[in-house]
Every structure is written in structure tokens, then in C-alpha cells.
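These are the residues of each chain, in order.
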Amino acid sequence: MSEFALEIEHLSAADRNGAAQNLTLRAAKGELFAVLGDADGGGSALFNALIGRLPMEQGAVYLNGGEVRVRHPSAARRAGLGWIAREGDLADEHTVLEHLTLLPGMGGSKRRVREKAEKACEEYALDVEMDVPAKEMTLGERFRGEMLREILGQADVILIEEPSFSLTPLEMKSMEKTWRQIAKQGRTILLFTRFPEIAMLADQCAVLRRGTCKDVANPKEKGIKGLEESMYGGPKPAKTEKREIAPGSVVLEVRDLKAKAPQSGMGPISRVSFEARSGEITVICGLKGSGKSALAFALAGLIPCEEGRVRLKGGDLTRATARERIQAGIGFAPGAQMQYGLSEDTTLAGNMALRSYRDTTVQEGGMLRFSYIRRGAAIILEKMNTGLGESLNAATEELKTEEKQKAALAREISRNPDVLIALNPVRDMNAWEKRRIWSMLLSVRSGRQAVLLLTEDIEEALALADRLLVMHRGEIVGVFDPHLTTAQEIGMYASQGRRQGGEEEYDEE
Amino acid sequence: MPFLIRQTLIYAVPLMVVALAGVYAERSGIINLALEGIMIFGAFMGVLFVRTVQEWGWFQAAYDAKNYLTLQGFCALAMLFAAMMGAVFSLLLAFAAINLKADQTIGGTALNLLAPAVVLFFIRILANQNTLNMYKDDAASWFMLKKSMFGYGRKEEMNFLGSTFVDKVYVATYICILVFIVMSIILYKTRFGMRLRSCGENPQASASLGINVIGMRYAGTVLSGALAGMGGFVYVLTTANCSANGDVAGFGFLALAVMIFGNWKPGNICGAAMLFGLFKCIAASYSTLDINGDGVYLLKNLNINTNIYRMMPYVITLVVLAFTSKSSRAPKAEGIPYDPGKR
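Residues numbered from 1 in each chain as written. Chains lettered and ligands numbered in written order. Predicted model: local features only at pLDDT ≥ 70, side-chain atom pairs only at ≥ 80, totals over all residues. Heavy atoms only, no water.

**Points about the overall build of chain B**
Here's step 1: Within chain B, the regular secondary structure consists of 15 helices and two strands.
Here's step 2: Here the C-alpha radius of gyration of chain B, 21 Å, is about what a compact globule of 343 residues would show, namely 20 Å.
Here's step 3: Looking at chain B as a whole, 53% of its 343 residues qualify as buried.
Here's step 4: Pairs at least 24 residues apart make up 79% of the contacts formed inside chain B by residues separated by at least 6 positions.
Here's step 5: For chain B, the accessible area works out to roughly 14,600 Å², and carbon and sulfur atoms hold 66% of it. (Helix = DSSP H or I, 4+ residues; strand = E, 2+ residues; numbered from the N terminus. Rg over C-alpha atoms; globule rule 2.2 N^0.38 Å. Buried < 20%, exposed > 50% of the residue type's maximum accessible area, 1.4 Å probe, protein only. Contact = heavy atoms within 4.5 Å. Areas by Shrake-Rupley, 256 points an atom, 1.4 Å probe, with all protein chains shown as cover.)

Quick look at the structure:
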């Protein structure tokens with residue numbers, strides 16, 4: 001038997017966001033081990049390779065000294081690995097209890113399983129809602145349900161990907177106690193995160209940068225500053241500079257808007273009212289499922305506005321079609337959920353013409369003019385400094401995440417929209433990529449146009465907002481001045497629906 | 001009235017079983033559009049089994065001795081054989097959809113085209129005509145329950161229950177009902193069933209629980225094939241005098257409609273199958289239908305164009321689906337090939 005619970009030897013694996021290259025890591029039994037790295041650090045590739053979602057290019061994994069080879073997630077579970085992925089692994093229609101009964105080795109009636117589960121909840125200070133279908137649970141509740149699954153799952157090593165995606169700072173505090181309790185039993189927890197603050201909870205921390213391990217250290221000795229330095233290969237990138245601009249007039253006015261959820265996993269919105277001014281970035285911040293997509297889609301005309309009013313510079317757009325809205329001056333960059341609004345198997349140049357295919361610069365008598373399309377695309381990409389001029393004829397699916405988003409934003413911005421709506425524009429990007437995208441959004445603001453940014457990234461919200469609104473379960477629960485608020489406060493409003501002015505809905509933990 | 005109920009059951013029961021076959025596949029995440037093809041194949045195989053065994057003369061002694069119990073055993077064997085062959089046939093779909101990650105709708109359609117062609121090909125070779133019949137006698141004399149078996153004379157009438165559920169019915173129908181109940185319990189009340197259903201809702205979640213998604217999807221598709229094959233044979237046994245001709249009158253597609261109308265739930269499917277069975281029964285026998293036993297053939301005397309009655313089951317299908325399919329709740333992951341790397 002080895003003293004290490006998990007040994008990773010020379011592992012290489014690559015996914016869309018980043019690659020792990022020749023990684024060697026060892027986590028001891030009963031240890032809380034953090035794997036810290038930016039979006040392209042290779043942490044997610046490592047996580048997915050360990051649980052069998054991604055094929056390993058080379059390397060070996062040892063569990064308690066014995067080699068394990070996993071080709072499928074189910075094999076990983078049977079080999080003794082447990083995990084909680086960022087997006088979660090609960091089937092929407094089933095309750096936590098039903099999930100538990102399906103665990104390997106969890107024989108017996110539902111009542112027996114419930115007894116076991118309740119005992120575990122008590123022992124590990126875990127508060128789990130066991131009888132509600134997962135689709136009706138908050139992200140935090142789902143996370144705790146999955147944590148309970150891992151506790152009962154008897155896995156020796158539990159991998160947890162980006163817990164802060166599901167847990168608010170407050171929930172994280174109580175979850176830390178649960179993790180400590182698990183570690184005390186001799187089980188090992190690996191936390192995959194991109195936040196040094198979370199890595200600080202661990203006993204050991206491996207810092208990844210561009211796929212290679214830069215450092216393994218005790219985070220408490222190293223401190224947040226030290227971790228950031230290893231993670232970014234220097235000091236943390238500076239805050240985004242924002243010029244002072246006097247806000248202009250109201251451009252977009254939304255009153256009591258109501259819309260259905262566009263897809264499962266997204267939330268509906270009801271009674272949403274706000275306004276966006278020119279020369280300002282209005283940010284609506286909310287968790288996954290809070291209704292940001294519904295709002296963005298309703299404003300872009302992709303789903304109907306059921307109630308309420310949408311006005312752009314005084315003109316009513318409530319019943320307008322998507323094309324009428326584009327013509328009226330709404331630009332929409334839908335983000336990763338809709339492939340950035342690009343058609344994957346069209347060339348980049350073709351994608352740049354998608355919004356303007358009716359203009360005579362692009363077509364003549366119904367026939368497309370490809371030389372014009374290419375020239376137009378080159379001009380747009382050049383003007384926005386995207387650095388994509390060489391890729392005009394490349395298939396869009398070959399582009400990197402950042403490049404796609406840049407192209408999509410360039411296309412929208414080039415049409416001089418009165419308001420630009422951006423939905424989660426920097427998801428899965430590293431610190432530098434984020435800043436380049438943000439500077440594009442800020443250029444719109446400098447151009448005295450309005451920006452409406454919908455995001456689940458609190459850091460992004462605070463960095464860009466001139467006016468910050470928090471959304472919870474389809475409603476705006478608070479309006480903040482970004483200079484006078486903190487990430488904690490925003491997180492609390494976003495996760496618990498605490499309402500400004502009324503404390504009674506606040507659920508004290 | 002006994003006649004109406006009896007005939008409705010004859011149509012409704014295969015429909016119900018085949019709809020459950022669809023549920024098994026879809027709950028595991030595979031759209032089984034090939035139900036029609038599997039029914040055709042199962043029907044052919046069942047009839048071929050009966051024909052071959054008769055040819056060998058194995059059950060002739062039992063027939064001559066009027067040993068009806070043994071003959072029912074023969075019938076059950078044929079059902080089992082049809083089920084097995086249906087399962088084998090469905091492996092084609094399973095392989096294409098699970099291992100090759102092919103589009104399941106296209107795979108199913110291909111099987112629907114393949115089945116009648118293959119079956120007719122072999123029927124031509126075996127029987128030198130377009131229909132494969134039993135080797136001798138007919139289904140009624142070999143497999144049907146009759147009041148004479150229970151000591152009733154030619155003139156005597158059984159009571160209402162007897163004449164509805166015993167006289168002139170096939171035991172196969174009741175076996176099917178039993179199988180339907182057992183398989184529904186397995187799907188909804190056992191750990192195996194729950195594992196299978198979780199693969200149709202969220203295969204990633206199932207895999208994270210250590211469930212072998214590929215194995216479960218194979219299980220779902222193969223059980224689906226077995227049920228559909230059996231349903232196909234029972235359909236031709238009870239309605240076509242145990243003869244196969246590469247056609248089950250669109251029952252496979254009707255079963256899909258029943259499944260959707262029944263919202264993927266056995267209880268609702270049972271009700272939906274009864275509704276369709278009733279209309280199918282009216283379509284088949286409106287001219288001799290004496291509903292209240294007064295000797296008047298009401299539907300015939302209405303003087304409506306006979307085609308109206310024949311269209312009824314299909315028109316009802318259209319109308320019902322148009323109104324209910326919007327609120328239906330299909331398994332979330334059905335039709336999406338399982339790829340451990342995708343989320």
C-alpha cells in the first residue's frame with residue numbers, strides 16, 4: 001500500500017479549453033488537495049481525464065498504489081473515484097434520494113437508504129433536500145446533494161470541480177467543515193479551482209499554468225499573493241481601466257417584462273424592469289438558471305415577450321421580430337450557449353456577413369458577392385484590432401473560444417447598435433483573454449452606446465459595471481453602485497434573493 | 001357487447017405491449033422507431049416456428065388427443081421464440097445507435113424498410129406465395145379457447161364473463177397482459193428499472209453513479225425488441241389467423257402514438273391502447289357489430305361510407321397526438337448518442 005491516495009504520473013490530456021501536459025501530482029490520504037489554475041491551466045482537462053470523460057494521451061493514475069485505467073465515467077466510479085463536476089451530475093427529474101439508491105453497493109429499501117443518508121447528513125453537518133426533483137433545487141442544494149452522494153459512495157478520492165460555481169461564500173464556509181470531516185476519515189478531496197481564495201482552504205496546493213505544474217506548496221505558507229504569482233506567472237493582471245464618462249440618455253427601457261424559460265436548465269423571468277443608458281455598462285448579474293438567458297433572448301426577439309414593454313429610444317419593440325430589433329439598433333452577442341452566434345461550419349468571413357446579408361454590400365439581386373464579403377470582414381476585424389485578419393477563410397469551429405467571441409463582438413459593434421447585449425461573454429476564458437474581451441465592451445461604452453451585460457461572473461460584473469443589477473429567480477432583487485458594494489454582497493443577493501429594503505426574505509444560515 | 005370487448009382486447013393488447021416496448025427503449029435513451037419492423041420480423045419468425053414444429057409433427061399427438069393445455073404451451077413457446085428473434089433483430093438498431101452513434105431515427109427507419117423486404121423474400125422462398133400460413137389447420141383450432149373445452153354444448157351459452165373472457169379468446173392475449181404488468185413493475189419499481197430510466201434522463205449522471213450506460217441502453221433496446229417481436233406474433237396470431245405477410249397494418253407506428261399519448265407511463269398507455277383498440281375493432285368489424293345485443297347492426301345501418309370507419313383509428317391518432325404531444329414529457333436524453341466526453 002502506498003501512502004498516497006492518488007498518484008498521477010506524466011499525465012497528458014487535452015480538451016477545448018486547455019491541455020494538461022506531462023503532469024505528475026501526488027495527493028496523500030486524508031488530505032484536502034487543491035489544483036489551482038486559470039481557465040487554460042489544464043485543470044479541467046485533468047479532471048475530465050481522471051474521471052474517464054476525456055482520453056488520456058499518456059501517463060498513468062494510481063489509486064492507493066494500484067494502477068487504474070478508466071475509459072468511462074462509470075468505470076471510474078467503480079474503481080473508487082468520486083466526483084462533483086462543475087455542471088453537476090443530477091438528473092433533473094429525480095430526487096437526491098433516488099440517486100442515492102442507485103449507488104453501487106447501496107442495496108436495500110428506500111427507507112434504509114434514507115436512514116443511512118440522514119445519519120451521514122448529521123455526521124458531516126450537511127443539509128440536504130432529499131425529496132425534491134433536482135430541477136427545483138438551487139445550485140447550492142444540488143451541490144450538497146452530490147456531496148452526500150460522494151459521502152455515501154465510499155470513494156477514497158473525491159474530485160470536486162469549481163465548487164464556487166455552485167456555492168456562495170457563506171455556503172462554502174459550512175461546506176469546508178464537511179470536507180474536513182471527510183478528510184478526517186482518511187479520504188482525500190481534490191479541489192479543482194481557478195480562485196486562489198478557494199485553494200487557501202486546502203492543505204496542499206498544486207498550481208497549474210498552461211498545462212504544466214508550476215508549484216506544489218502549502219497555500220497557508222504561500223499566501224494568496226504567492227499563489228496568484230505562480231498561477232499567472234507574475235502579478236495578477238491589473239484591473240481594467242475605465243474612463244469616466246458622463247452617462248447619456250436612456251436608450252433601452254424595459255418595464256415589467258415577462259418571458260418563459262427558453263430551454264430546460266434556464267429560468268423564466270417575471271416583472272423585470274430596468275433601463276440602460278448610453279455611455280454606460282448596465283450589468284445584470286445572476287446565477288445559472290436565474291433568467292439571464294430568458295431576458296437576453298426576449299430582448300433580442302428570439303422568444304416572445306409575454307407581458308410588459310420594451311422600448312428602444314422611445315420606439316416600442318415589444319412585439320417586434322428579431323430582424324426588426326436588429327434594424328432598430330439592438331446588437332446581441334449570445335456567448336458560448338449559442339456558439340457565440342456563429343455558424344460553426346461557415347468561414348469566419350461568411351459569419352461576419354450573417355447580420356448584413358440583405359445589404360447591397362453583401363449581395364446583389366440575391367447572389368452573394370464573396371469578394372465583398374471577405375473585404376468587408378477584413379475591414380471589420382482590422383478596425384476592432386481582433387488580430388483575426390489572417391483567419392478569414394478558416395472554418396469557424398477551428399477558432400479558439402476567445403477568437404470566436406472577438407469575431408462575434410466585432411460583427412455586432414461594427415453595426416453601431418444603440419444597445420449591445422452580451423450574454424456571459426467571457427465564460428471559460430483566462431484572465432488575459434477576459435481583459436481583451438472587456439476592453440472591446442468598454443470601447444462600445446466610450447463610443448457613447450449602451451451596453452447590457454448579463455453575466456454569472458461577479459468579478460466581471462464588478463470590473464465593468466456602471467450600474468449593477470442582481471437577478472434572482474427571474475426578478476431583479478437589487479440595484480447597486482459597483483463602487484459601494486462587494487462580491488460577497490452581490491453573491492448573497494444573487495443566491496438567496498435577499499431583497500433590497502426588505503429583510504424578511506433573507507434566509508439566515 | 002362480449003364480442004366488442006373481446007375484439008377490442010385482441011387489438012388493444014398487442015398495441016399495449018408494443019407501446020411498452022417503445023417505452024423500454026426510450027427510457028434507456030434510444031428512440032425505437034423500428035417497432036413496426038421488429039413486429040413484422042417477430043411475426044414472421046413466430047409463424048415460421050409454428051409452421052416448422054407442425055411440420056415435424058411434434059404437437060400432433062397433443063392436438064389429436066385434444067390436450068389443450070399442451071397446445072397452449074406450444075403457443076407460449078412460439079411467443080418466446082418470436083420475442084427472442086425480435087431481440088436479435090433489435091440488436092441491429094442497438095449496435096448502430098449505441099456503438100456507431102448513428103442517428104436513431106434513420107437507423108429505425110432503415111430497419112422498418114429492411115424487415116418487410118427480408119420477410120417477404122423468405123416467405124416467397126418458403127411458401128412460394130406472399131403469405132406464410134400454418135403448416136396445417138388454422139390458429140383457431142389449435143390455439144383458441146372455446147366453450148366446448150369447458151363442457152358447454154353447442155347450444156349452451158356461457159355467462160357474460162365466460163363469453164367475454166373465455167370463449168373464443170387466445171390465451172396469448174392474457175400472457176401479454178401478464179407480461180405487460182410484470183415488465184411495467186420491473187421498469188418502475190426495481191433498481192434495474194430505475195437505472196435504465198436514469199440513462200434516458202441524464203446518462204452523464206448515471207455514469208457518475210457507476211451505471212454502465214452502454215450496457216443499460218443495450219438492455220433497454222433488446223428488451224424493447226423482445227416485447228415488440230412478441231407483440232408482432234400475437235398480433236398476427238389473433239387477427240390474421242397466424243399467417244405472416246410482411247405487414248402488421250402500421251401497428252408499430254400506432255404503438256408509438258399510443259406511447260406518446262400515454263406519456264411514457266404504463267397506466268396511461270394501457271388506457272390509450274384500449275381507446276385505439278376500440279376504434280381498430282370498430283374499423284374491422286363495424287358491419288357485424290351488435291353493441292347491445294338486439295340484433296341490429298347499428299353502425300352498418302347508419303349508412304356511413306365504410307372507409308370512414310376504416311380511417312377512424314388513424315384519424316384519431318392524428319387528432320389525439322396533435323393535442324397531447326405538446327404537453328408530453330419524453331425522456332430528456334432520448335435520441336442523443338451517449339458520449340462520455342460531451343455534457
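**Quick word on the packing of helix α12 (residues 251–261) of chain B against helix α13 (residues 266–285) of chain B**
The angle between the axes and the distance between the axes are what describe a pair of packed helices.
Residues and elements named next belong to chain B.
Here's step 1: Interhelical geometry of α12 versus α13 gives an angle of 135° and a closest axis separation of 8 Å. Relative to α13, α12 is oriented oblique. For the pair α12 and α13, the sense of crossing is right-handed. From α12, Phe251, Val258, Met259 and Phe261 reach across to α13, where they touch Ile269, Ala272, Ala273, Leu275, Phe276 and Lys280. (Axes fitted to C-alpha atoms, helices over the stretch in contact; angles between N-to-C directions. Parallel < 35°, antiparallel > 145°, perpendicular 65-115°, else oblique. Left-handed = near helix turned anticlockwise from the far one by under 90°.)

**Observations concerning the sheet that holds strand β2 (residues 19–28) of chain A**
Residue and element names in this part refer to chain A.
Here's step 1: Strand order across the open sheet formed by four strands is β2-β1-β4-β5, with antiparallel pairing between neighbours. Unpaired on one side and paired on the other, β2 and β5 (66–68) mark the two borders of the sheet. When strand polarity is set aside, the average angle formed by the axes of neighbouring strands in this sheet is 25°.
Here's step 2: Both strand β1 (residues 4–14) and strand β4 (residues 58–63) contribute to a ladder of five bridges, which runs antiparallel. Each bridged residue has a counterpart across the sheet, and for glutamate 7 the counterpart in β4 is tyrosine 62. (Pairing = 2+ DSSP bridges.)

**Quick look at the pairing of β4(A)**
Here's step 1: Here β4(A) runs beside β5(A); their pairing, made up of three bridges, is antiparallel. Residue pairing for β5(A): A:Val61 is matched across the bridge by A:Val68.

**Quick word on the interface of chain B and chain A**
Here's step 1: Between chain B and chain A, the residue contacts involve 22 residues of the former and 27 residues of the latter.
Here's step 2: Carbon and sulfur atoms supply 57% of the area buried between chain B and chain A, which totals about 2,100 Å² over both sides.
Here's step 3: One can count two salt bridges joining chain B with chain A.
Here's step 4: Ionic pairing is found between A:Asp92 and B:Lys332, a salt bridge with its closest N-O pair at 3.3 Å.
Here's step 5: Our enumeration of links across chain B and chain A arrives at nine residue pairs in polar contact (both at pLDDT 80 or more).
Here's step 6: The class makeup of the residues in the side of chain B that touches chain A is eight nonpolar, seven polar and seven charged. (Buried area = accessible area lost by both parts, 1.4 Å probe. Salt bridge = Lys/Arg side-chain N within 4 Å of Asp/Glu carboxyl O. Polar contact = N/O pair within 3.5 Å; in protein donor to acceptor, adjacent residues only side chain to side chain. Nonpolar A, V, L, I, M, F, W, Y, C, P; charged D, E, K, R; others polar.)

**Observations concerning the packing of helix α1 (residues 2–27) of chain B against α12(B)**
Residues and elements named next belong to chain B.
Here's step 1: Between α1 and α12, whose axes approach to 8 Å, the crossing angle comes to 65°. By the angle between their axes, α1 is roughly perpendicular relative to α12. In the packing of α1 onto α12, the handedness of the crossing is right-handed. Seen from α1, the contacting residues are Tyr11, Leu15, Val18, Ala19, Gly22, Val23 and Glu26; seen from α12, they are Phe251, Leu254, Ala255, Val258 and Met259.
Here's step 2: The residue inventory of the contact of α1 with α12, partitioned by class, reads 10 nonpolar, one polar and one charged.

**Here we look at the pairing of strand β9 (residues 204–209) of chain A**
All names here are of chain A.
Here's step 1: In terms of strand pairing, strand β3 (residues 32–37) meets β9 through five bridges, oriented parallel. Counted as the bridge partner of glycine 37 is leucine 208 from β9.
Here's step 2: Strand direction decides the pairing type here: β9 and strand β10 (residues 212–217), joined by five bridges, are antiparallel. Pairing of arginine 209 across the sheet is with threonine 212, part of β10.

**Quick notes on helix α1 (residues 43–50) of chain A**
Since the α-helix packs 3.6 residues into each turn, any two residues three or four apart lie on the same face.
Residue and element names in this part refer to chain A.
Here's step 1: Counting buried residues along α1, seven of its eight residues qualify, which places the element largely inside the surrounding structure.
Here's step 2: Turning to α1, its buried residues number three or more, namely Gly43, Ala45, Leu46, Phe47, Asn48, Ala49 and Leu50.
Here's step 3: Downstream of α1 by one or two residues, glycine 52 has phi in the positive range, about 85°.

**Examining the nonpolar core**
Nonpolar side chains tend to gather and get buried jointly when the protein is soluble and globular.
Here's step 1: Residues A:Met147, A:Leu148, A:Ile160, A:Trp179, B:Phe143, B:Phe233 and B:Leu237 are the most contacted members of the largest nonpolar core, which totals 137 residues.
Here's step 2: Examining the composition of this core, we find that 14 residues originate from one element, helix α4 (residues 68–99) of chain B, more than from any other.
Here's step 3: In terms of nonpolar packing, the next biggest core, distinct from the first, is built from 43 residues, A:Ala353, A:Ile413, A:Val451 and A:Val470 among them. (Core = buried A, V, L, I, M, F, W, Y, C linked by side-chain atoms within 4.5 Å.)

**Details of the side chain of B:Gln104**
Here's step 1: One can find B:Gln104 in helix α5 (residues 104–127).
Here's step 2: Residue classification places B:Gln104 among the buried residues on the basis of a relative accessible area of 2%.

**A closer look at unusual backbone geometry**
Here's step 1: In the Ramachandran plot, A:Arg271 falls in the positive-phi region, its phi being about 50° despite a non-glycine side chain.
Here's step 2: Relative to the elements of secondary structure, A:Arg271 occurs in strand β12 (residues 269–277).
Here's step 3: Accessibility expressed as a relative area gives 57% for A:Arg271, which makes it exposed.
Here's step 4: With phi around 60°, B:Asn241 is a residue other than glycine that occupies positive phi space.
Here's step 5: Inspection of the secondary structure puts B:Asn241 in the loop between α11 (213–239) and α12.

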